[in-house]
Amino acid sequence: MAHRSEVIEVRGVRTQLFKGGRGGPLLALHPEFGAGIWAPYLDALAARFHILAPDHLGFGGSERPAWLDSIDDLVFHYVDLLDQLGIERTAIVGSSLGGWIAAAFAVAHPERVERLVLAAPAGVKLDGVPRYDYFANPIEDVLAHLFRDPTRAAQLLPTEFGTEVIVRGYHELTTLARLSWNPYLYDPKLQQRLPRIRTPTLLIWGDDDAVLPPAYADLWATLLPFATLHRLPACGHLVAFEQADAFARLTIDFLSA
Amino acid sequence: MQFFYFHLMPWPHLPRDFERAHDSAWVTLPNRLYDPKRGHRLYNEYLDELEYAERLGFDGLCVNEHHQNAYGTMPSPNLMAAALVRRTSRVKLAILGNAIGLRDQPLRVAEEIAMLDVLSGGRVISGFVRGIGCEHLSLGVNPTHSRERFYEAHDLILRAWTEPGPFTFEGTHFRVRYANIWPRPLQRPHPPIWLPSQGSPETIAFGARRRYPFVSVFTPYANARRLLNEYREEAARLGYRATPQQLGFAVPTYVARSDAEARRDAKPHLLWLFRRGLKIPPHFLAPPGYLSEDTLRRFLLAGVKPPSELTFEELERDGYVLVGSPATVRDRLREIQRDLGIGLFVGGGRIGDMSHAKATRSAELFAREVMPHFRPRRGAPARPGTPARRR
């Protein structure tokens, strides 16, 4: 599917934006891995929607401003981005970190969200169910935890490996640490505020999620009164990357209903 | 030259299969491997060794802060300094250093150092460090804030020591509306601040600007040389000449009757230190944001071997360690002094799983047969680089 990327300034901050497809607007928020690319699952979605897939600040081709240290900062940034693009209201899909941002966005700006698709979103904590620690494990182990089928991790890796690739990866993990080192991958306030979301929401969770185990799916389903939960068998944490077709089909059905 | 006796207080009783069974001596090494009963005996032996170093004529005793590991079981160096204060009377107590940015409230460091300074009659040297990458995992401190916290904690502590209280401090990471420490430190304007470091350019520039002594710690000789040169150059740029009292070199040191005996005696313990104590996987050593991207890039391009992969021959050849007969160590130290221009030497100490007896013998030989050659003779003018001891 034809797509293009451009770097625009949003309130003076360089932001890389991938665009493609025709139809109603769909803001696609990437997980903590997989920035800087037009992901394969976007192809399927672009058949029905006009996709706007920005790199989060501090990821991929987007700059990391000195003030960036919270999910709220990204919510404000995306409000600015939509304003700048003249989009009043949009559907949002978000995976993991992207799901967290999407949910925080919907809490703060419900009038601007048509529908929400959250794939294994981060952002809440369940006592006694540890979240996998990205910060204290070797990268090979991290990659292995993202997918049920570890060979699927190849799509996140560059074809050529070298010093700059490692530095780039360290840069993105550093951004993640700035956003969520401690509390790790959650915001206590978000948990308290999620029940405010009245936007129709589809939750998608892999049965074999080794980062945020499926107990988190049940927690989200109870916190969001207007959510439907769909569990995908034989699927790991990065749902949209591991099962792009199933993810796109579920998303299109839900957003078109 | 001033001589400092350094102790890490390691946990030597690692299981035989440690290297196979454990990825790291830090962060995740199960603390069931620590036995408090054996720890009781060890702590007391370690303190005996430090106290004995005063009697041997060392100028200072060094303790340091490390958390949740087998390399050094001294999470609070200030407690160990307190244990030493009343059992010593002359030596400097060099805390190298407090990891000031790891504290939730750095005023606690300002207070504790002030207490030690008053208690010891002004014998405290206060080193400041960031804490290593691992410790940000072990204490839940965001490594992306590490540098900012270090500098901010430094500013707060320095003000608390020197500025009449109460005053208000409102930083990004630390805030206190009534900073007003009791007691105040005894030394004026404040206890000497040292920077023990493996040396980022930023730390060196900071040290040179403030004229804080810089002590290169546990790094290959060529790297120590580069760091100390950078410090000197930075000082020159700032319009002054760095003195030997501003330049220090810390290196695990072992002395025995002959070179062969020293090597044979020290080898297993030095290998313990590097292979076991410093066994740290990269994701613990450099959690995200702990290193600047420039430092990481330089590190990757330089292709430096992790300490845990070094052989004994490499440790000797690259000057990670100083081992030999008194004559060999004396000659080498003379070269080091000339080459690095240092006035502070930090050595000695019980290395890894070395026995008390071995460590003591080495310290005695060093004190009796090496140190005196670096002391000014009575009535003789001090040679350049060997200033008279300040007392």
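All values reported here derive from a predicted model rather than from experimental measurement.

**Student:** Please clarify how the overall build of chain A should be interpreted in this entry.
**Tutor:** When helices and strands are counted, chain A shows nine helices and eight strands. A compact globule built from 257 residues would reach a C-alpha radius of gyration of about 18 Å, and chain A, at 17 Å, matches this within 12%. Taken along its principal axes, the extent of the C-alpha atoms in chain A is 40 × 40 × 35 Å. Within chain A, residue pairs in contact and separated by at least 24 positions form 74% of the contacts whose partners lie at least 6 positions apart.

**Student:** Would you mind going over the overall build of chain B with me for this structure?
**Tutor:** When its secondary structure is counted, chain B shows 14 helices and twelve strands. Compactness check: chain B gives a C-alpha radius of gyration of 20 Å against a globular reference of 21 Å for 391 residues, within 12% of the reference. Projected onto its principal axes, the C-alpha coordinates of chain B cover approximately 60 × 60 × 45 Å. Buried residues in chain B amount to 49% of all 391 residues. For chain B, long-range pairs separated by at least 24 residues make up 76% of all intrachain contacts whose partners lie at least 6 apart in sequence.

**Student:** Teacher, can you tell me more about unusual backbone geometry here?
**Tutor:** The phi torsion of most residues other than glycine is negative, and most of the peptide bonds are trans. A cis amide bond, omega -5°, links Leu96(B) with the succeeding residue Gly97(B). Mapped onto the fold, Gly97(B) is located in strand S3 (residues 92-99). Here the bond from Gly165(B) into Pro166(B) is cis, since omega is -5°, no more than 30 degrees from zero. Positionally, Pro166(B) belongs in the loop between helix H6 (146-162) and strand S5 (167-170). Of note in the backbone geometry, Leu185(A) takes a positive phi value of approximately 60° without being a glycine. With respect to the helices and strands, Leu185(A) occurs in the loop between helix H5 (163-180) and helix H6 (188-193).

**Student:** Can you walk me through the nonpolar core in this structure?
**Tutor:** Grouped burial of nonpolar side chains is what soluble globular proteins tend to show. Ranked by size, the top nonpolar core spans 111 residues in total, and within it Phe4(B), Leu61(B) and Leu93(B) carry the most contacts. Ignoring any residue separated from it by four or fewer positions in sequence, one finds Leu93(B) in contact with Leu61(B), Ala81(B), Leu84(B), Val85(B), Leu116(B), Ser120(B), Arg123(B), Val124(B) and Ile125(B).

**Student:** Could you clarify how one ought to interpret helix H4 (residues 107-120) of chain B in this entry?
**Tutor:** Because each turn of an α-helix spans 3.6 residues, side chains separated by three or four positions end up pointing in the same direction. Residue and element names in this part refer to chain B. Its 14 residues give H4 an end-to-end C-alpha distance of 20 Å, which sits within 8% of 20 Å, the value for a rise of 1.5 Å per residue. Inspection of H4 places Leu 107, Val 109, Ala 110, Glu 112, Ile 113, Ala 114, Leu 116, Asp 117 and Ser 120 among the buried residues, and these make up the whole buried set. On its buried face, H4 sits against helix H3 (77-85), S3, strand S4 (124-129), H6 and strand S6 (175-179). Looking one or two places after H4, you find Gly 121, whose phi comes out positive at around 70°.

**Student:** I tried to follow the pairing of strand S1 (residues 3-10) of chain A on my own but got confused; where do I start?
**Tutor:** All names here are of chain A. Of the strand pairs in this sheet, S1 and strand S2 (residues 13-20) are connected by eight bridges, and their pairing is antiparallel. Its bridge partner lying in S2, Val 10 is registered against Val 13. Linking two consecutive strands that pair antiparallel, namely S1 and S2, is a turn of two residues; a positive phi of about 45° is found at Arg 11 within it.

**Student:** Explain the environment of Pro150(A) to me, please; I cannot follow it from the model alone.
**Tutor:** With respect to the helices and strands, the residue Pro150(A) is situated in the loop between helix H4 (139-146) and H5. Spatially, the C-alpha atom of Pro150(A) lies 9.8 Å from that of Glu140(A), the residues being ten residues apart in sequence.

**Student:** Explain the interface of chain A and chain B here, please?
**Tutor:** How big an interface is tends to be expressed through the accessible area that disappears when the partners come together. The partner chain B presents 17 residues to the 16 residues of chain A that form the contact. Here the side of chain A that touches chain B is built from residues that sort into ten nonpolar, five polar and one charged.

**Student:** Could you clarify how one ought to interpret the sheet that holds strand S1 (residues 2-6) of chain B in this entry?
**Tutor:** Sheets are built from strands that pair by backbone hydrogen bonding, the pairs being arranged parallel or antiparallel. All names here are of chain B. If you walk around this closed barrel you meet the eight strands as S1-S2-S3-S4-S7-S8-S9-S12, and the pairing is parallel. In this sheet, neighbouring strand axes are inclined to one another by 25° on average, regardless of whether the strands run parallel or antiparallel. With three bridges joining them, strand S7 (residues 193-197) and strand S8 (residues 214-217) adopt parallel strand pairing. Bridged to Ser 197 within S8 is Ser 216. Across the sheet, helix H8 (residues 221-237) lies against S8 and strand S9 (247-250), angled at about 165° from S8, the strand it touches most.

**Student:** Would you explain helix H13 (residues 326-340) of chain B in this entry?
**Tutor:** All names here are of chain B. Compared with the 21 Å implied by 1.5 Å per residue over 15 residues, the 20 Å span of H13 between its first and last C-alpha is a close match. Looking only at H13, the buried set comprises Val 329, Leu 333, Ile 336, Gln 337 and Leu 340. Along the axis of H13, the buried residues cluster in a sector spanning 100°; they form a single face. Facing away from the buried side of H13 by over 90 degrees, the exposed positions are Glu 335 and Arg 338. Packed against the buried residues of H13 are H8, S9, strand S10 (253-255) and strand S11 (322-324). Just beyond H13, the residue with positive phi is Gly 341, at close to 70°.

**Student:** How should I be thinking about the pairing of S3(B) in this particular structure?
**Tutor:** Strand residues, when the strand is regular, have side chains that alternate between the two faces of the sheet. Residue and element names in this part refer to chain B. The buried count for S3 comes to eight of eight residues, which makes it a mostly enclosed element. As a crossover connection, the stretch from strand S2 (residues 60-63) through H3 into S3 is right-handed. Bridge count for S3 against S4 is five bridges, and the pairing is parallel. Of the residues in S4, the one forming a bridge with Leu 93 is Val 124. Note on the crossover from S3 through H4 to S4: the handedness is right-handed.

**Student:** What am I meant to see in the sheet that holds strand S4 (residues 49-54) of chain A here?
**Tutor:** Residues and elements named next belong to chain A. Read across the sheet, eight strands follow the order S1-S2-S4-S3-S5-S6-S7-S8 without closing on themselves; strand pairing throughout is mixed. Two strands lie at the open edges of the sheet, namely S1 and strand S8 (227-232), each paired on one side alone. Averaged over neighbouring strand pairs, the angle between their axes works out to 20° when direction is ignored. Where strand S3 (residues 24-29) lies against S4, four bridges are found, and the strand directions are parallel. The partner of Leu 27 across the bridge, within S4, is Leu 52.

**Student:** Looking at this structure, I do not really get the confidence of the model for chain B. What am I missing?
**Tutor:** Low-confidence regions, as indicated by low pLDDT, have predicted coordinates that should not be scrutinised in detail. All names here are of chain B. The pLDDT averaged across chain B works out to 95; a share of 96% of its residues lies at or above 70. Taken as a whole, residues 381-391 scores under 50 in pLDDT and shows 16 contacts with residues more than four places along the chain or in a different chain. Here the predicted complex carries an ipTM of 0.95, next to a pTM of 0.95.

**Student:** Please explain the packing of helix H7 (residues 201-210) of chain B against H8(B) as it appears in this structure.
**Tutor:** Packed helices, taken two at a time, are described by their axes: the angle between them and the distance between them. Residue and element names in this part refer to chain B. Axis separation between H7 and H8 bottoms out at 9 Å; the angle between their running directions is 45°. Relative to H8, H7 is oriented oblique. The hand of the H7/H8 crossing is right-handed. When H7 is examined against H8, the residues Pro 201, Ile 204, Ala 205, Gly 207 and Ala 208 are found in contact with a partner set consisting of Leu 227, Glu 230, Tyr 231, Glu 234 and Ala 235.

What counts, and where the lines are drawn
Residues numbered from 1 in each chain as written. Chains lettered and ligands numbered in written order. Predicted model: local features only at pLDDT ≥ 70, side-chain atom pairs only at ≥ 80, totals over all residues. Helix = DSSP H or I, 4+ residues; strand = E, 2+ residues; numbered from the N terminus. Rg over C-alpha atoms; globule rule 2.2 N^0.38 Å. Contact = placed C-beta atoms within 7 Å. Buried ≥ 20, exposed ≤ 12 C-beta atoms within 10 Å, placed from the backbone. Core = buried A, V, L, I, M, F, W, Y, C linked by C-beta atoms within 7 Å. Expected span 1.5 Å × (residues − 1). Pairing = 2+ DSSP bridges. Nonpolar A, V, L, I, M, F, W, Y, C, P; charged D, E, K, R; others polar. Axes fitted to C-alpha atoms, helices over the stretch in contact; angles between N-to-C directions. Arc of directions from axis to C-beta. Right-handed = clockwise from strand over helix to strand, strands pointing away. pLDDT = per-residue confidence, 0-100. Parallel < 35°, antiparallel > 145°, perpendicular 65-115°, else oblique. Left-handed = near helix turned anticlockwise from the far one by under 90°.

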